[in-house]
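Tertiary structure, described
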Amino acid sequence: MIIHHPILGPRDAQEFVYLGDATLIDRPDGMNAGTEAFHDYAYNRDNPAGEHRELWYHEQGDRSWLVVTRNTVTHEITKVELARDVARAKGRSK
Amino acid sequence: MNQSHRIPGGQIDRTKVLRFTLDGVPYWGHPGDTLASALLANGVRLMGRSFKYHRPRGPLSAGSEEPNALVELRSGGRQEPNTRATVAELLDGLEAKSQNRWPSLRFDALAINDRLNAFFAAGFYYKTFMWPKSFWEKLYEPIIRRAAGLGSVSRQEDPDGYDKGFLHCDLLVIGAGPAGLMAALTAGRAGARVIVADEDFAFGGRLNAESFAVAGGAGADWSAGVVAELATLPNVRLMARTTVLGAFDHGIYSAVERVSDHVAVPAVGKPRQVLWRIYSGRAILAGGATERPIAFENNDRPGIMLAGALRAYANRWGVAVGERVAVFVNNDDGLRTASDLQAKGVDVVAVIDSREGGELLPGIRHLRGAEVIDTSGRLGLKAITVRQSDGRTEEIRVDALGVSGGWNPNVNIHSHHRSRPVWDNTISAFVPGADGPPGLLVAGAAAGVMSTHGALRTGRDAALAALESLGRKAAAIDLPEAEDAPVRITPLWHVAHGKGRAWIDQQNDVTVKDIKLAQQENFTSVEHLKRYTTLGMATDQGKTGNVIGLAVMAELTGRTIPETGTTIYRPPYTPVAMGALAGRSRGREFKPYRLTPSHHWAAEQGAVFVEVGNWLRTQWVPRADETEWRQSVDREVLATRRSVGICDVTTLGKIDIQGTDAGAFLDRVYANTFSTLPVGKCRYGLMLREDGIVFDDGTTARMGEHEYVMTTTTANAVTVFRHLEFCRQCLWPDLDVQLISTTEAWAQFSVAGPNARRLLAKIVDQDISDAAFPYMGAGNVTVCGGLRARLFRISFSGELAFEIAVPTRYGDALLREMLARGAEFDPVVYGTEALGVMRIEKGHVAGGELNGQSTALNMGLGKMVSRKKDSIGMVLSQREGLTDPDGYRLVGVKPVDPLGKLTAGSHFLEIGAASVVANDGGWLTSKVYSPHIGSDIALGYLKAGDRKIGSRMRAVNLVGGTDTEIEIVSPHFFDPDGERLRG
Amino acid sequence: MAEMLQAMTALGARSPAVVTIGPLTVTERFDIAFASVAARRGQMARLAKAAKAAKVPLPDPARYQGGTPYCAFWVAPEMWLVEAAFASHELIAAALKDALGDTASITEQTDAWVAFDLAAPDLSPLLERLCNVDFPGVPDGYATRTMLEHLGCYLVRLGPGAVRLYGPRSSAKSLLHALEVAAASAW
């Protein structure tokens, strides 16, 4: 697969490490959320046949974490964003 | 022997002679020949035995679709089984051997299988070798393996190298026939970066095999002219002997280039083959079409081949396969074979045309509405039996028969993303479907456009469309004049006659009867049909047999062919050598090595090295009088504990963490707290995964207000760094933290033992007394008169110990300097074994305990998990299941009898308890011999182990057959109060 | 500096290696000092200003920029590897800290890498056997991280026949071996 890196352009997916569902960005606050919320965060995933937002790490590149929107059936990639931007857009900060 | 069947013409160089052997018999041919064409020129039709029935077989085709003519090439380490003689380029001195026969090709003992064919129908193995079950492994499987199968491997190491590489292009053209060449010319002239790959050693595709004109001259001359022009274009790369194997995502294709297969021995340093990964903007599949046979009784004799192959041998290689030739067709294209051979002066005795109407060939006996119903000739075709339209049968003496059942477009690569080909009634064949790989266009016969004019036109147009979609402009070049004959075919899949066997898949010996049997037993879906009969398996993947097989199934089930469908097409298009897939990664070059700064010193001493990931670490350093590894390890441990030992610990991961929020960041990634750590101190850190399991550990030092140095285990250096980047970018994107690995930048040595400080005082320029550099101190120092260095007072061994780091280039010299200046302390350099002994004596966790299943509580480190702050894994580490007071706890283990042996992996059992899972109390994670204790010792996870200290149990290893009485002790075997390391 | 301790090259010798395989010359560069420069959060503008004053180039993504005394290439968002002559800048990290102050995190990287200069009339046939960089298709001054024989390396294109390759120092031998094998295969 080819991932169109927002900064570096098309790069072979072989350079990346796959992590999984981009909801891993939505980590609850450990001082407020309880075991239930963390259990949900750590274990529960959708497994869609179709569009999926997922985290890829450009390990053999610029070390950016990316959110890649990929169709799991066709492998078509429709969007690639810097995970840091996605996290900030979700209100994550410090 | 004379080249009895060589006729004039063809694209071979008759001025040169190439000598070769088949089964030791010498023959000769010319450059431009394949092994098959040369053998046929020498009058050899018999080239192999079939897979199951050991039937005599000759080539069916003249290309990579060949099911029969599989041979072993070369000998010794270069022996290569299952090579298709039809594509093996002839070379001087080539040794070829036939396969699957014993004792000889002409007389094969297992040809008895052919007589016993009634037993060997489809499903025979499934039904026969079911019971008794115990017979399978010892009896049935070895027999079947010996009887069946293809070539053999040499079992010697392949002396040749293989390579891999990466290519980039705007347009990849797959196949260099008329369509591919026209596409390449169009795109090449427009300046696009073009790669043209063709599996053949000669470009031109079918133009080399046909007699008709292109642009008023021979087709082969036209293609040679185009190739000559393409060769002058710097933006075009011509890759002959290169098979595109598969289509992968987003324009990536794989291809294997046979760089040296056509020479006896590769040139020095040159690979035999190169596996290429090709990145393309667009690709055009111009892979042509494959002719299919018609099934009739005994249609597999040597001398019976595809009509197109028969004329390819005549036109391209100057070979008349037979002296008396007939042709059996259901379409017009097959008639070309009759006219081409006749023009070459070969005696064409009959054309058997299953159709009633159609054009008559002048001067040839043309039997219309007729069928071949049987053949004879044990080792090669002698006669055919023809049933004429009025039902009369006639035997016609021939030694070659060309069969044409129509042509199948080579849709394979277009179907590699599960696109299903669609049925085209006008040519009675499957053509590429609509949902092929994005960016892949199809042209020429691969697209079902069967005329030369059509190939040229669609090749050009596909290139124009591809370039336009890439935003490039290209000029439409004029098409050369070429034939544009329509396809006229009336499908005939198999001849209904008698009870004999009519072959569909010659490679797997699948006959019409087998298809019928599969249908009777309800294996009617194509995927079931394939598995039940083996139709379409093995090296040729059914390139000639699949479509007629499923057409017969369609007939039997009353479905249409498109309703019956095709099996899934998968890469590779043709078989690939394992060596090509491995590339350079084999033997000692399987992976790169990482060498430590002390490697050269250690190698000089004759050290034994161990692979830890890619690192080569010193395992122990034997002395001349030591004959057994334990002697060296015990000595290293005792010398360290007695005086001082030095160990290269460079392999531990080192991560530089800076920024104004570095402390806050560490508080979140470590279970314990680091923001409160004073500058100039270090602390042991425990890192959890979000699920509460321990991920990694190590010491982290605060080198400045906003500057920390983290160490990780050797094994997790990469994954910890990745995890930290995840935390930094995805979880807390606004923290001011910057990370960089410094693992390789610093050579780091542990200096441990009662004399560690005295030795280092001779090296370090600053005061390192206990007052100036207390336990867990850390800081920048200089050594040997001013070289920048880092010093950490940390201990893995339990001794007074420091870790000293200098820029890597000085590491070797520092080690030598420490040994020289500290000579009075008789320092020892110890390896990973002694390191392991000392850490287990001290009760420190490492690989066996950091096993990805264990919690801080299991390790006796539960109190380290701070609940005053949020950190990765904190919440889930407190889950009920992970905080069970009866859960596993780290304990020490000693055998009651000091001579008793312990084995890592043994299980804890109560004395007297049965050795069953229900009584399992946990397991021993790490074991060493402790020269300090004087016996084996071990660490282990024992249920409620913290409450069992002092009790006696058993360590049982049912695999190794050991059962040892043990005492459960504290994991801190050595200096439990830590007086030595604070000394 | 530190005359007491003699430096050893990444290939385990006292002086850097020069290896010739066909048209290819591989020259080990033992005379370069490196440090990483990463902007502190929100400090990019100040860093750019300080870097300009100190003649530290901070090139765009995927670019290398030469200069005196500092050259640099981009490695990650707001992060660069800066190089200078080892003889004058062995203490490159300290020098950059002085120049850039608290605008950046600076880490010595000199011995994290082995640097090889590759020279041949055209390096494409070599590099296409080693890594997925579209070497003929990228401009001079292109800098990228890439996998080369399982090793994460930085590759800087200085010209069609000139590349500087930075590989992990501990694998210098394996990397050189890969270059030699690929060169024999290519030419």
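From a predicted model like this one, the values you see are computed outputs, not experimental measurements.

**Looking at the overall build of chain C**
Across its full length, chain C holds five helices and eleven strands. With respect to the three principal axes, the spread of C-alpha positions in chain C is 50 × 45 × 25 Å. The buried share among the 187 residues of chain C stands at 63%. Taking the contacts inside chain C whose residues are at least 6 apart along the sequence as the reference set, 60% of them involve residues at least 24 apart. Roughly 6700 Å² of accessible area belongs to chain C as shown, and the carbon and sulfur atoms make up 55% of that amount. For chain C, the separation between the mean place of its 16 positive charges and that of its 18 negative charges on side chains is 6 Å.

**As for the overall build of chain B**
Within chain B, the regular secondary structure consists of 22 helices and 50 strands. Seen along its three principal axes, the alpha-carbon backbone of chain B occupies a region of about 115 × 70 × 55 Å. Every one of the 983 residues in chain B was classed for burial, and the buried ones make up 62%. For chain B, the accessible area works out to roughly 36600 Å², and carbon and sulfur atoms hold 53% of it. Treating the 110 positive side-chain charges of chain B as one cloud and the 110 negative ones as another, the clouds have centres 2 Å apart.

**A word on helix H1 (residues 44-53) of chain C**
Residues and elements named next belong to chain C. Those residues of H1 lying buried are Leu47, Ala50 and Ala51. Taken end-on, H1 shows its buried residues confined to a sector of 100 degrees, consistent with a single buried face. Turned more than 90 degrees away from the buried face of H1 sit Ala45, Lys49, Lys52 and Ala53, all of them exposed. Summarising the contacts, the buried residues of H1 are in contact with strand E3 (32-39), strand E6 (79-85), helix H3 (92-100) and strand E7 (104-108). Note on H1: the residue one or two positions beyond its end, lysine 55, has a positive phi of about 60 degrees.

**Points about the sheet that holds strand E41 (residues 778-783) of chain B**
Residues and elements named next belong to chain B. Strand order in this open sheet of six strands is E41-E42-E43-E40-E34-E44, and the pairing throughout is mixed. Edge positions in the sheet fall to E41 and strand E44 (828-829), since each of these pairs with one other strand and no more. Here strand E42 (residues 787-792) pairs with strand E43 (residues 801-807) via three bridges, running antiparallel. Paired with leucine 791 across the strands is isoleucine 804, a residue of E43.

**Digging into the packing of helix H10 (residues 512-520) of chain B against helix H12 (residues 546-557) of chain B**
When two helices pack together, you describe them by how their axes are tilted relative to each other and by the distance separating the axes. All names here are of chain B. Relative to each other, H10 and H12 sit at 45 degrees, their axes nearing to 10 Å. Between H10 and H12, the angle is such that the two are oblique. Here the hand of the crossing between H10 and H12 comes out right-handed. Two secondary-structure elements touch here, H10 through Val512, Ile515, Lys516, Ala518 and Gln519 and H12 through Gly549, Val552, Met553, Leu556 and Thr557.

**Considering the sheet that holds strand E5 (residues 65-71) of chain A**
Residue and element names in this part refer to chain A. With respect to topology, four strands assemble into an open sheet ordered E3-E4-E5-E6, the strand pairing being antiparallel. Each having just a single partner strand, strand E3 (17-21) and strand E6 (77-82) make up the two edges of the open sheet. The sheet shows a mean angle of 30 degrees between the axes of neighbouring strands, direction not considered.

**Some remarks on the interface of chain A and chain B**
On the chain B side, the residues contacting the 38 residues of chain A number 36 residues. Carbon and sulfur atoms supply 53% of the area that chain A and chain B bury against each other, a total of about 3000 Å² over both sides. The partner of A:Arg88 in a salt bridge is B:Asp734, with the nearest N and O atoms 2.7 Å apart. On inspection of chain A and its partner chain B, the count reaches 21 residue pairs in polar contact (both at pLDDT 80 or more). Looking at the side of chain A that touches chain B, the elements that each hand over two or more residues are E3, helix H1 (35-43), strand E4 (51-57) and helix H2 (83-89) of chain A. Of the residues belonging to the side of chain A that touches chain B, the class tally is 19 nonpolar, nine polar and ten charged.

**Quick notes on the domain arrangement of chain B**
By a widespread convention, an interface's size corresponds to the accessible area lost as its parts come together. Split into domains, chain B comes out as domain 1 (162-289 + 409-469), domain 2 (594-651 + 745-838), domain 3 (653-741) and domain 4 (884-983). Once you take the C-alpha centre of each, domain 3 of chain B and domain 4 of chain B turn out to be 33 Å apart.

**With respect to the nonpolar core**
Among soluble globular proteins, nonpolar side chains are generally buried collectively. Core analysis: the largest hydrophobic core is formed by 93 residues, its most contacted members being B:Leu760, B:Val783, B:Ile804, B:Met818, C:Leu96 and C:Leu118. Among the elements that make up this core, the one with the highest residue count is helix H5 (residues 172-186) of chain C (seven residues). Counting residues in hydrophobic clusters, the runner-up holds 71 residues, among them B:Val633, B:Val720, B:Leu731 and B:Ala752.

**Digging into the domain arrangement of chain C**
Residue and element names in this part refer to chain C. Here chain C is partitioned into domain 1 (18-30 + 112-186) and domain 2 (32-108). The distance between the C-alpha centroids of domain 1 and domain 2 comes to 24 Å. Across the boundary between the two partners, domain 1 contributes 14 residues, which contact ten residues of domain 2. Buried surface at the junction of domain 1 and domain 2, both sides included, amounts to about 1100 Å², of which 65% is carbon and sulfur. Contact with domain 2 buries area across many residues of domain 1, yet Ala143, Tyr154 and Tyr166 alone supply 38% of it, more than any other trio. Joining domain 1 to domain 2, the criterion identifies one salt bridge. Between glutamate 83 and arginine 164 there is a salt bridge; the shortest N-O distance is 2.8 Å. Listing elements by their share of the side of domain 1 that touches domain 2, those giving two or more residues are strand E8 (113-119), strand E10 (151-159) and strand E11 (162-168). Of the residues forming the side of domain 1 that touches domain 2, the biggest block, three residues, is contributed by E10.

**Some details on a positive patch on the surface**
Residues B:Arg106, B:Arg115, B:Arg378 and B:Lys382 make up a contiguous surface patch of positive charge. Here B:Lys382 is to be found in the loop between strand E21 (371-376) and strand E22 (383-387).

**Some details on the interface of chain C and chain B**
Every contact between the two is made by 54 residues of chain C and, on the other side, 54 residues of chain B. Interface of chain C and chain B: buried area, both sides summed, is about 4500 Å²; carbon and sulfur atoms make up 50% of it. Summed over the shared surface of chain C and chain B, the number is ten salt bridges. Of the charged contacts, one joins B:Arg788 and C:Glu90 as a salt bridge, the two residues approaching to 2.9 Å between their closest N and O atoms. Taken together, chain C and chain B are joined by 34 residue pairs in polar contact (both at pLDDT 80 or more). No other element matches H5(C), which puts seven residues into the side of chain C that touches chain B.

**Notes on the pairing of strand E2 (residues 9-12) of chain A**
Residues and elements named next belong to chain A. Judged from the four bridges that link them, strand E1 (residues 2-5) and E2 form a sheet pairing that is antiparallel. Considered in E2, the bridge of isoleucine 2 is made with aspartate 12. As consecutive antiparallel partners, E1 and E2 are separated by three residues.

**Looking at the pairing of strand E19 (residues 347-353) of chain B**
Residues and elements named next belong to chain B. Most of E19 sits out of view: six of its seven residues are buried. Alignment of strand E18 (residues 324-329) against E19, held across six bridges, turns out to be parallel. Within E19, the residue paired with arginine 324 across the bridge is aspartate 347. Taken together, E18, helix H8 (residues 333-343) and E19 form a β-α-β motif whose crossover is right-handed. As defined by bridge partners, E19 adjoins strand E20 (residues 366-368) across three bridges and the pair is classed as parallel.

The rules behind each value
Residues numbered from 1 in each chain as written. Chains lettered and ligands numbered in written order. Predicted model: local features only at pLDDT ≥ 70, side-chain atom pairs only at ≥ 80, totals over all residues. Heavy atoms only, no water. Helix = DSSP H or I, 4+ residues; strand = E, 2+ residues; numbered from the N terminus. Buried < 20%, exposed > 50% of the residue type's maximum accessible area, 1.4 Å probe, protein only. Contact = heavy atoms within 4.5 Å. Areas by Shrake-Rupley, 256 points an atom, 1.4 Å probe, with all protein chains shown as cover. Lys, Arg positive; Asp, Glu negative; His and termini not counted. Charge placed at Lys NZ, Arg CZ, Asp CG, Glu CD. Arc of directions from axis to C-beta. Pairing = 2+ DSSP bridges. Axes fitted to C-alpha atoms, helices over the stretch in contact; angles between N-to-C directions. Parallel < 35°, antiparallel > 145°, perpendicular 65-115°, else oblique. Left-handed = near helix turned anticlockwise from the far one by under 90°. Buried area = accessible area lost by both parts, 1.4 Å probe. Salt bridge = Lys/Arg side-chain N within 4 Å of Asp/Glu carboxyl O. Polar contact = N/O pair within 3.5 Å; in protein donor to acceptor, adjacent residues only side chain to side chain. Nonpolar A, V, L, I, M, F, W, Y, C, P; charged D, E, K, R; others polar. Domains from an automatic or database assignment. Core = buried A, V, L, I, M, F, W, Y, C linked by side-chain atoms within 4.5 Å. Patch = residues over 30% accessible without salt bridge, like charges linked within 9 Å, V, L, I, M, F, W, Y side chains within 5 Å. Right-handed = clockwise from strand over helix to strand, strands pointing away.

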